[in-house]
Amino acid sequence: MNKNYSTQQIKENIELKLSRYFGCTPAEASKEQMYKAVAITVRDILTEKRGSFKKAVNKQGAKRVYYMCMEFLLGRSLKTNLCNLGLSEEYAKALEGFGVELDSLYDCEPDAGLGNGGLGRLAACFMDSLSSLDYPATGFSICYEYGLFKQKIVDGMQVELPDVWLPGGEVWLVPRTDRAFIVRFGGKVKEKWVNGHMEVYYEGAEEIEAVPYDMMISGADSDAASRLRLWRARDIQNFNMGLFTQGQYAQAVQNSTRAEAICKVLYPSDNHEEGKLLRLSQQYFLVSASVQSIIRDHMALYGTLENLEDKIAIHINDTHPALCIPELMRILIDDYFYSWEDAWRKVVKICSYTNHTVLPEALETWNEELFRIKLPRMYQIICEINERFCREAWQAFPGNWQRISNMSVVGYGAVRMANLSVVGSHSVNGVSQLHSNILKKSVFNDFYNMYPERFDNVTNGIAHRRWLCYSNPDLANLLDETIGTGYRHNPEELSEFAKFADDAAVLDRIRNIKHENKVRFADHLYKKTGKKLNTHTVYDVQIKRLHEYKRQLLNVLNIIGLYIDIKNNPNLDIQPQTFIFGAKAAPGYQMAKRIIQLICALSKDIDAHPEIKEKLDVVFLENYDVTTAEILIPSAEISEQISLAGKEASGTGCMKLMINGALTIGTLDGANVEMLDAVGEDNMFIFGMTAKEVEDLWTRGYRSTEFYANNERLKRIINHLYIGFAGESFADIATYLLSGHGIADPFMCLADFESYRLTHDRLISAYKDRQNWSKKSLLNTAAAGYFAADRCINEYAEKFWNIKPIK
């Protein structure tokens, strides 16, 4: 790609954009204007690529995949796009001619506020691989004005502020006002017979216009550029001029305000009725606009829907877009007059579903009455789906009403999105082998017995070019020198690196690269916060959404033990350790927020005691995001993957840390199981109960107080919570662990504590042998090739979507 764009052409393009959009020359341009001009030139290159690729797809009549997800956690786009296009050097040289450093422009770009955690980051990685592997693909989501939230820590407490990303991120979006669609909410559904067909129409429905904004996703040295289509909501009902002229401005724009609320914020709090309604509205808005767009494009190309299932695949990423199943049924039946049976056959062949959780509270359900009022036509169709499915289930399980009731899509006053996703899809997969087995054995066991052929596994993967090659260029250069550059496109070739496990010079390089990355992160943190890190301590990192099952609290309990040890004996001979946390808690999740307070108070207390800080430090990263991760992950030496066994579906942070040479301490949960198989037990530190042992302990009756009473160290740690840190008691967390409100210690921190502590001690002892540690680090990188998103996408394409790369 870089051969087609000379440095001079790039300079001329940038000058043209500055003149056209900002009315200035390169000498007059601010850094912000220069960033936007550069971004527009890159966007134009991608748009041109997309156009050429689309022509090739259309010419071949190729099948396409449409990937639906409520979030895409993209991070910054400029650096990744330039790297993928192979144009970084050319752009750097062009900008040098203007006296501007390319690296300085990267910092002008905000992280795109379109995601929360692992789900959104996985979707972003998949879009990268779909482009890199030349698959015809489109992603669909919502163009959130504020994203999730910007996390501010005030006196140790999380405060949520608006995440304003569009002023800098909007430059990547191409508005397509010619492709807008109408989405209807509420009202009454009416029917009438016209020309031998039943025609469905609506009375009193609220109509909102969905306007698409397209973002192009580059691939690495590929022909393809995928499209991420983001929908904005716009009111189309008449503006009330009468009210406005009377000075009643708020009432005059009330409809617009209500419409715009749909795309204001990702995951609005749903601990009240209005929040639930808004979430439901967001989900239907996404799928209705997206499915209408898919059908419109298909009809424009083929003029018929008879071949629809042969030409499109729709993937439901978690349950949020599950309403695409009844929405596709609505369009086929109401707009194109298909019979129910023919429409249903098409829908099931088209749709596939990835489950991302085994937690019952995360398997979405909606209040049936709320659903009926907000989405009356969807309710009618889902009730019909449910009735027909229950009749089919009766044939499979005759007389077993309880079983059928549990499998039903509508039951006990709730509409169940996970059940809908399984019933309406031809394939259902988990995201790690353990997770997929749990789905078959427990969560969806009845469905598995009824539809065994639908269930499969695709273990998650990461965009290895972004997280290794672009985020850790020194390690990538070492790989290039030792095994060649083939791994950049064929990540399984990383296994060749294992041949250098006993090469002293290579191990020295690995150790030096890791230290330089630690220095780089420490410099970044100091510039951002003023906090200094000792780069000669071991960096122990836990970066993930704050949730009880992920057990940041277990990590903290062990840190408190070390804190007490050093406080009692400041001369203790101990390996200096820096524990780094990055996490956001959902706004309404009080226990998660309280754990953040505990981490921050502990950090503040340590800062006040230099004799402790010399050997132990705790850092909580405010507003942890993708850009911070790109600097932190290459510096990490220990990766904390310590969720309660059987609770984590997969995880992808574990893979990013592994490929960058961090050593994992973890339970046999999620992807840890397969990582252990890949790297071997000598190079990974496993502790705690298995999923089966957790289940058995619950069955026998788990009493956390027994572990407290029988472990003196644990007793001292929990008792110290009553005393607290930095002047604040955390007696409530001690109570949560020992007596709780209903269930004490629901995620078994105390049951796994001793195993965790001893394994962590063993891990720190291993760190003292730096040569052997570097060898383990090398072997982790070498074993990480399997956990690349390229492998995932090829599996999805072959197993579920039946799509082929286009050249």
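On a predicted model such as this, the values are computed, not experimentally measured, just so you know. Every chain is numbered on its own, with residues counted from 1 as its sequence reads. Since the coordinates come from a predicted model, pLDDT governs what is reported: local features require at least 70, and pairs of side-chain atoms require 80 or more to be given and counted, while whole-chain, interface and lining totals use all residues. In computing side-chain properties, one takes all heavy atoms of the structure into account and sets aside hydrogens as well as water.

A. View of the overall build of the protein chain. A run of H or I in DSSP counts as a helix once it spans at least four residues, and a run of E counts as a strand once it spans at least two, with each numbered from the N terminus. A tally of regular secondary structure across the protein chain gives 36 helices and 23 strands. In terms of C-alpha radius of gyration, the protein chain reaches 27 Å, essentially the compact-globule figure of 28 Å for 807 residues. Principal-axis analysis of the C-alpha atoms places the extent of the protein chain at approximately 90 × 75 × 65 Å. Per-residue burial for the protein chain yields a buried fraction of 60% across its 807 residues. The contacts in the protein chain between residues at least 6 apart in sequence include a share of 76% that link residues at least 24 apart. Of the accessible surface of the protein chain, which amounts to about 31,200 Å², a share of 49% is contributed by carbon and sulfur atoms. In the protein chain, 92 side chains carry a positive charge and 103 a negative one; their mean positions are 2 Å apart. For this measure, only C-alpha atoms enter the radius of gyration; the expected value for a globule follows 2.2 Å times N^0.38, where N is the number of residues. Type-normalised accessible area, obtained with a 1.4 Å probe on protein chains alone, sets the label of each residue: buried when under 20%, exposed when over 50%, and partly exposed for intermediate values. Here, two residues are considered to be in contact whenever any of their heavy atoms come within 4.5 Å of each other. Only the protein chains shown count as cover for residues, with accessible areas throughout obtained via the Shrake-Rupley method and a probe of 1.4 Å. We count Lys and Arg on the positive side and Asp and Glu on the negative side, and we leave His and both chain ends out. The atom standing in for a charge is NZ when the residue is Lys, CZ when it is Arg, CG when it is Asp and CD when it is Glu.

B. How the structure looks around the sheet that holds strand β13 (residues 365-367). Taken in spatial order, the three strands line up as β13-β15-β14 in an open sheet, and their pairing is antiparallel. This sheet does not close on itself; its edge strands, each paired only once, are β13 and β14 (410-411). Note: two strands are recorded as paired if DSSP finds a minimum of 2 bridges between them. Pairing geometry for β14 and strand β15 (residues 414-416), over two bridges, is antiparallel. Looking at the pairing, G411 lines up with A414 of β15.

C. Just the packing of aromatic side chains, in detail. Ring pairs shown here join Phe, Tyr and Trp side chains whose ring centres sit within 6.5 Å, with only the six-membered ring taken for Trp; geometry is labelled stacked below 30 degrees between planes, edge-to-face above 60, and tilted in between. For the structure shown, the criterion picks out 23 aromatic pairs. With 6.1 Å between their ring centres and 75 degrees between their planes, F444 and F447 make a pair best called edge-to-face. By relative accessible area, F444 is classed as buried at 2%. Judged by relative accessible area, F447 falls into the buried class, the value being 3%. For the pair Y796 and W801, a centre-to-centre distance of 5.2 Å together with 15 degrees between the ring planes defines the contact as stacked. Judged on exposure class, the residue Y796 and its partner W801 are both buried. Connected via pairs of aromatic rings, a cluster forms that spans Y67, F72, F126, Y796, F800 and W801. Should the NZ of a Lys or the CZ of an Arg lie within 6 Å of a ring centre and within 35 degrees of the ring normal, that charge is described as sitting over the ring. Directly above the aromatic system of Y213 lies the positively charged group of R232, at a separation of 4.2 Å from the ring centroid. One cation-aromatic arrangement involves K584 over F149; the distance from NZ or CZ to the ring centre is 5.1 Å.

D. Focus on empty space enclosed by the protein. A 1.4 Å probe that fits into a set of points on a 1 Å grid over the protein atoms alone but cannot get out defines a cavity; an open set with protein on both sides within 12 Å along at least five of seven lines defines a pocket, and lining residues are those with an atom within 4 Å of a point. Grid points are joined across faces, edges and corners, and a volume is the space filled by probe spheres set on the points. By the definition in use, this model includes six cavities of 30 Å³ or more. Of the voids in this model, the largest cavity is the one considered here, and its volume is about 180 Å³. If you trace the largest cavity, you find 15 residues lining it, with L74, S77, T80, I217 and R466 closest to the centre. Secondary structure elements with two or more residues in the lining of the largest cavity: α3 (78-85), α6 (118-132) and β9 (206-218).

E. View of the nonpolar core. The set of buried Ala, Val, Leu, Ile, Met, Phe, Trp, Tyr and Cys residues whose side-chain atoms join them within 4.5 Å is what this entry labels a nonpolar core. Ranked by internal contacts, the top residues of the largest apolar core, which has 208 residues, are F371 and W801. Apart from residues lying up to four places away in sequence, W801 is in contact with K63, V65, Y67, L130, A313, H315, S352, I793 and Y796. L546, L616, F725 and C749 belong to the second-largest nonpolar core, a separate cluster that totals 71 residues.

F. Structural context of the packing of α6 against helix α36 (residues 789-801). For helices, the axis comes from a line fit to the C-alpha atoms of the stretch in contact; other axes are also lines fit to C-alpha atoms, and the angle between any two N-to-C directions lies between 0 and 180 degrees. The interhelical angle for the contact between α6 and α36, taken along N-to-C directions, is 80 degrees, at an axis separation of 9 Å. In terms of orientation, α6 lies roughly perpendicular with respect to α36. Contacts between α6 and α36 involve C125, F126, S129 and L130 on the former and, on the latter, A789, D790, C792, I793, Y796 and W801. Each residue gets one label: Ala, Val, Leu, Ile, Met, Phe, Trp, Tyr, Cys and Pro are nonpolar, Asp, Glu, Lys and Arg are charged, and the others, such as Gly, are polar. Partitioned by chemical class, the residues of the contact of α6 with α36 number eight nonpolar, one polar and one charged. Here is the rule for angles: anything less than 35 degrees is roughly parallel, anything more than 145 is roughly antiparallel, 65 through 115 is roughly perpendicular, and the remaining ranges are oblique.

G. View of helix α1 (residues 7-22). For α1, with 16 residues, the first-to-last C-alpha span of 22 Å sits near the 22 Å given by 1.5 Å per residue. Among all positions in α1, only I10, I14, K17 and L18 are buried. Looking straight down α1, one finds that the buried residues subtend no more than 100 degrees of arc, so they occupy a single side. Along α1, the residues that are exposed and aim more than 90 degrees away from the buried face are L16 and R20. Immediately downstream of α1, the backbone of G23 shows phi near 60 degrees, a positive value. Multiplying one less than the number of residues by 1.5 Å gives the expected span of a helix. The arc under discussion is defined with respect to the helix axis, by the directions toward the C-beta atoms.

H. View of the packing of helix α24 (residues 552-568) against helix α32 (residues 712-723). Where α24 meets α32, the axes come as close as 9 Å, and the angle between the chain directions of the two elements is 95 degrees. Classed by the angle they form, the pair α24 and α32 counts as roughly perpendicular. Two secondary-structure elements touch here, α24 through L557, I560, G561, L562, Y563, I564 and D565 and α32 through R713, R716, I717, H720 and L721. When grouped by side-chain class, the residues that make up the contact of α24 with α32 number seven nonpolar, two polar and three charged.

I. Highlighting the environment of N81. Checked against the element boundaries, N81 lands in helix α3. Put simply, N81 and R466 are 385 residues apart on the chain and 10.0 Å apart in space, counted from C-alpha to C-alpha. Ignoring any residue separated from it by four or fewer positions in sequence, one finds N81 in contact with V42, L46, W172 and S218.

J. Main features of the pattern of salt bridges. By definition here, a salt bridge exists when the distance from a side-chain nitrogen of Lys or Arg to a carboxyl oxygen of Asp or Glu is within 4 Å. One pass over the full model with this rule turns up 51 salt bridges. When the shortest N-O distance is used, the salt bridge between K518 and E637 registers 2.8 Å. Linking K518 in helix α23 (residues 504-529) with E637 in the loop between α27 (626-632) and β21 (638-641), this pair joins segments that are 119 residues apart in sequence. On the accessibility criterion, K518 (3% relative accessible area) is buried. The partner of R757 in a salt bridge is D761, and the shortest N-O contact between them spans 3.3 Å. Remark: D761 and R757 occur in helix α34 (residues 749-767); sequence separation between them is four residues, near one turn of the helix. On the basis of relative accessibility, which here comes to 17%, the residue R757 falls in the buried class. For D761, a relative accessible area of 34% gives the class partly exposed.

K. Inspection of the sheet that holds β21 at higher detail. Spatial ordering of the open sheet is given by β20-β19-β18-β21-β22-β23, a layout of six strands whose pairing is parallel. The open sheet terminates on both sides in strands that have one partner only, identified here as β20 (616-621) and β23 (685-686). Two strands pair when backbone bridges link them, and strand β18 (residues 538-543) and strand β19 (residues 577-582) are joined in this way by six bridges, in the parallel orientation. Of the residues in β19, the one forming a bridge with I543 is G582. On top of the sheet, helix α25 (residues 590-607) reaches β19 and β20; it is set at about 135 degrees to β20, its chief contact.

L. Local environment of the pairing of strand β12 (residues 351-354). What you see with β12 is no split at all: C351 and Y353 on one side and S352 and T354 on the other are buried throughout. Pairing geometry for strand β11 (residues 312-317) and β12, over four bridges, is parallel. Across the sheet, H315 pairs through a bridge with S352, a residue of β12. Pairing of β12 with strand β16 (residues 427-430) involves three bridges; the strand directions are parallel. Each residue of the ladder has a partner; that of Y353, found in β16, is V428.

As far as function goes, none of this settles anything; it's purely spatial.
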